Every structure is written in structure tokens, then in C-alpha cells.
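Each chain, letter by letter, is given below.
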Amino acid sequence: MSEMEQYVLKTNGLTKSYKGEFALRDLSIAIEPGRIYGLIGQNGAGKSTFMRLVAGLAFPTAGSIELFGQSGAKDLQDERKRLGCMIEYPSITPNMSAKDNLKFHRILRGIPSETIENELLALVGLNNTGTKKAKNFSLGMKQRLGIAIALLGDPELLILDEPINGLDPLGVVEIRNLLIKLCEERHMTILISSHNLPELYQVATDYLIIHQGKLMQSITLAELEENCKHHFLINCNQPEKLVSVLETELNTVNYKVMPDNTVKLYDYLGEQEVVAKKLYENGIAVSNFSIQGDTLEDYFISVIGGGLND
Ligand SMILES: Nc1ncnc2c1ncn2[C@@H]1O[C@H](COP(=O)(O)OP(=O)(O)OP(=O)(O)O)[C@@H](O)[C@H]1O
């Protein structure tokens, strides 16, 4: 990456329609290097469409794509050599072993190094599969082989469409560990889609939530955790006085004043009456005083819920 390449991928107003129906609408995102982005949305939200457009497997109806700082048609095609993709299904030949599958794709892509096959098999934990044919692999093994194929060109941006859906918990952990390793050891940027937020959790550093083809939210892991953390939500007529009461009478600075002047208090969660009493004693009129906080699923639903039926 050169200094010019602040973003690995940037899209502006990216739109794709099929026969007048929008699969993707006005999607503008920016992906920074060395991070793992979870592209999250329900079935049909537009995740695969987005990945296909970035990979050059489909063409946008409107909007633009910039890869590694380049957006001209020819430059974009050149930059796509720096991508590794597994979109929709792993491109596996069922009657071949893992190694032969890798060899086939290596030759197809004109990669001379033969040692890369064994290196990648070891990396994805398939080095002991010998002559076993891919059709006899578990789903998790097939996904890992698909990832190994996507890694053949030593990509800087790895795009994986639903690599963990349908896997058992152990399979999910294996893929998760592999992705974290690729990001940490090779500084690879990863874009991974799923319709399951808890499955992406612990692997993604950033989340792009899409619904009905539109970007609903781009959020970091820290922001997601902050939004899901349990707290008292307090609405009152004197937020400054409330803050002073929290600090001086309740001895806490573990609160946050939101842009709309509501206050989130993260302390005293089991002691609602203690807080309520202090507010009352100090003459603070409260219009809302409730415990808030979401599970990841609740949060996801609350974000996409805003876009239902538009
Ligand atoms: N080639 C195509 N022709 C017509 N419609 C399409 C085509 N590809 C996608 N669509 C439509 O675009 C919308 C988005 O589909 P897409 O496959 O991108 O969603 P997704 O989020 O990847 O869903 P899933 O999780 O089910 O894979 C859907 O309504 C789908 O029917």
C-alpha cells in the first residue's frame, strides 16, 4: 500500500438494479487497510451483489468503485489482481484432492511457485487430507479450501461471501481464527458477509449493515459494544445539573451525554432506586428513566427495523 492508498476500497453511490428492481441502492462506503469488515444483512439484502460488483463479476448501474486509490476502468481491472475472492460458492472441483484443487487454480492464474500449495494447505489446516477428494470434505473443510484458493495470489483484500454460515460451532471458530491470523500476521484487509451478527462478532473490527440494498449503518466494534452496553437512559430538563449530581452525589463519571442531551449512565445498574432518589432530592424532573441495552441481534433488528417497508 502506498501513502496515496488511504482506503483499500471506496464506493460512491454504488447502485445495481435488475430489470428496474434495486439490488443495491446508493451505497457509499470506505474500507481501511488491516481491518476486518463484516457486511451484515438479511437474505436478499444485497451482500453478494455488492461483492460481485467490487470483484468485477457484475457491472454497476450507477456509482463508482475505487480500489487501492484507482477508479478508471482499466486501472480498476489491474487493481483487482490484488483481491482474493470467494463469492457465493467456493470454486472447488469435487473429484480432486485439496492439493490438486489448489494446483489447478494456481496454474489457471499463472502463479509459478509450487511451494505455495503446501503453504496454503498448512495455513488453512488441510495439510493432512492427502488424496481425499474434496467432495468427501465437510462443509467447513470445503470453505477452508475455498479460502485457500482465494489466497493463492497473496491478496491484500480478501472478500468472502458467507464463509461461516452453515458451519458447526467448531467450524466457525476455525474460520474465525484463520481470518484473525491473516489480518494480524499478513496485515490483510478482509470483507466478510453474513446474515448472522453473533457469528461475525469476535472476528469483525467494523460492521456495515445493509438492508434492502441500502447502507443502514457503518459502525466500529467499539461503537457496536457501546450501543449494546446496558445503561440507564435518563431524559431530563436540566442535563448539566444531572451531570453534576452524578459526579458529586453519586461519585461516578461513568456516564455519557448524548447529542440529544439524554444521558447514559453505566453505573448503579442494580440500584435504580438510589439514582431515582438522588434525582428527586435534587429537584431534577425526569421524563424518561429506563434501563436500555441490546443483544447483538436486538441491535441489528433495531437498525434494519428503521428501513423496513420503504
Ligand atoms: N442476477 C440477478 N438477477 C436478478 N436479480 C438478482 C440477481 N442477483 C441478485 N438479484 C436480486 O438482488 C437482491 C439482492 O441479492 P443478493 O444475492 O445480493 O443478496 P444477499 O444479501 O447476498 O442475500 P443472501 O444472503 O441470500 O445471499 C435480491 O432481491 C436478489 O433477488
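Above this note sits the structure.
Analysis parameters
- Residues numbered from 1 in each chain as written.
- Predicted model: local features only at pLDDT ≥ 70, side-chain atom pairs only at ≥ 80, totals over all residues.
- Heavy atoms only, no water.
- Buried < 20%, exposed > 50% of the residue type's maximum accessible area, 1.4 Å probe, protein only.
- Helix = DSSP H or I, 4+ residues; strand = E, 2+ residues; numbered from the N terminus.
- Salt bridge = Lys/Arg side-chain N within 4 Å of Asp/Glu carboxyl O.
- Pairing = 2+ DSSP bridges.

Another point: unusual backbone geometry. A positive phi angle, close to 50°, is found at lysine 19, a residue other than glycine. Classification of lysine 19 as exposed rests on a relative accessible area of 87%. In this structure, glutamine 212 is a non-glycine residue whose phi angle is positive, near 45°. You can see glutamine 212 is positioned in the loop between β8 (206–211) and β9 (214–220).

Scanning the model with the defined rule gives 13 salt bridges in all. Lysine 47 is the partner of glutamate 162 in a salt bridge, and the nearest nitrogen-oxygen pair spans 3.6 Å. Taken together, the residues glutamate 162 in the loop between β6 (157–161) and α6 (169–186) and lysine 47 in helix α1 (residues 47–55) connect sequence positions 115 residues apart. In terms of burial, glutamate 162 and lysine 47 fall into one category: buried. When the shortest N-O distance is used, the salt bridge between glutamate 281 and lysine 277 registers 3.2 Å. A residue pair is termed a helical-turn pair when its members lie 3 or 4 positions apart in one helix, as glutamate 281 and lysine 277 do in helix α10 (residues 272–281) at four residues. A relative accessible area of 46% means that glutamate 281 is categorised as partly exposed. One salt-bridge network, in which partners are shared between bridges, spans Glu249, Lys277, Lys278 and Glu281.

Take the pairing of β6 next. Put simply, side chains in a regular strand alternate between the two faces of the sheet. For β6, the tally of buried residues reaches five of five residues, placing the bulk of the element in the interior. Sheet analysis places strand β5 (residues 83–86) next to β6, joined by four bridges and oriented parallel. Bridge pairing in β6 places cysteine 85 opposite isoleucine 159. The sheet contact formed by β6 and strand β7 (residues 189–194) spans five bridges and is parallel. Residue pairing across strands places aspartate 161 opposite serine 193, the latter belonging to β7.

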